[in-house]
Amino acid sequence: MPPGPELYREAVEIESALRLGLTYPSHDVVVLTATGEVDTATAPRVAALLWPRLLTKLSTVVLDLSGVTFLGVAGLELITAALAYAPYRDVEFIVVGGSTAVERALRAGGLGSSSLVPHTV
């Protein structure tokens, strides 16, 4: 096992508008970090990494949007679907907020503060 608190880290670069990373701080927790823009063109790439993790035996899946500069409708739809589905799999799905623009998009999409974790966490 490598030293440090992270068990595994993987980075995936999708186009130049979005960079994605997976970090496993423990055996049953994953953090999917997005940096850049989550829009119609890039949301399917986020979904391709997010959905398989929601379908596993992980206890917690964190979507970290702290590096996202734009969150479009496709990203909001993905987050909404994941928030609705995760309880059926007994998975805690946590969204970490980001910039003011992203926070506004999340609120405009009906994703209140109860489903979001402030960026400082």
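Just so it is clear, the model here is predicted, and its values are computed rather than measured. (Residues numbered from 1 in each chain as written. Predicted model: local features only at pLDDT ≥ 70, side-chain atom pairs only at ≥ 80, totals over all residues. Heavy atoms only, no water.)

Enquirer: Lay out the pairing of strand E4 (residues 60-71) with the relevant residues and their values.
Expert: Moving residue by residue along a regular strand, the side chains alternate between the two faces of the sheet. Inspection of the sheet shows strand E3 (residues 29-38) paired to E4 by 9 bridges, in the parallel sense. Along E4, the bridge assignment pairs Glu37 with Phe70. Crossover handedness for the path E3 to helix H1 (residues 43-54) to E4: right-handed. Tracing the backbone out of E4, into helix H2 (residues 73-85) and back to the parallel element strand E5 (residues 92-96) gives a crossover that is right-handed. (Pairing = 2+ DSSP bridges. Helix = DSSP H or I, 4+ residues; strand = E, 2+ residues; numbered from the N terminus. Right-handed = clockwise from strand over helix to strand, strands pointing away.)

Enquirer: Now, about unusual backbone geometry: what can you tell me, with residues and values included?
Expert: The backbone of Asp90 shows a phi angle near 60°, a positive value even though the residue is not glycine. Within the secondary structure layout, Asp90 lies in the loop between H2 and E5.

Enquirer: Describe empty space enclosed by the protein, with residues and values.
Expert: Going through the model one piece at a time under the given rule, you end up with 1 cavity of 30 Å³ or more. Size it by volume and the largest cavity reaches roughly 30 Å³. Forming the boundary of the largest cavity are Ala34, Val38, Val46, Leu63, Leu65, Gly75, Leu78 and Ile79. Of all the secondary structure elements, the ones that give two or more residues to the lining of the largest cavity are E3, E4 and H2. The dominant element in the lining of the largest cavity, judged by the number of residues it contributes, is H2, at 3 residues. Split into classes, the residues belonging to the lining of the largest cavity amount to 7 nonpolar, 1 polar and no charged. (1 Å grid on protein atoms, 1.4 Å probe; cavity = no way out; pocket = protein on both sides within 12 Å on 5 of 7 lines; lining within 4 Å. Points joined across faces, edges and corners; volume = space filled by probe spheres on them. Nonpolar A, V, L, I, M, F, W, Y, C, P; charged D, E, K, R; others polar.)

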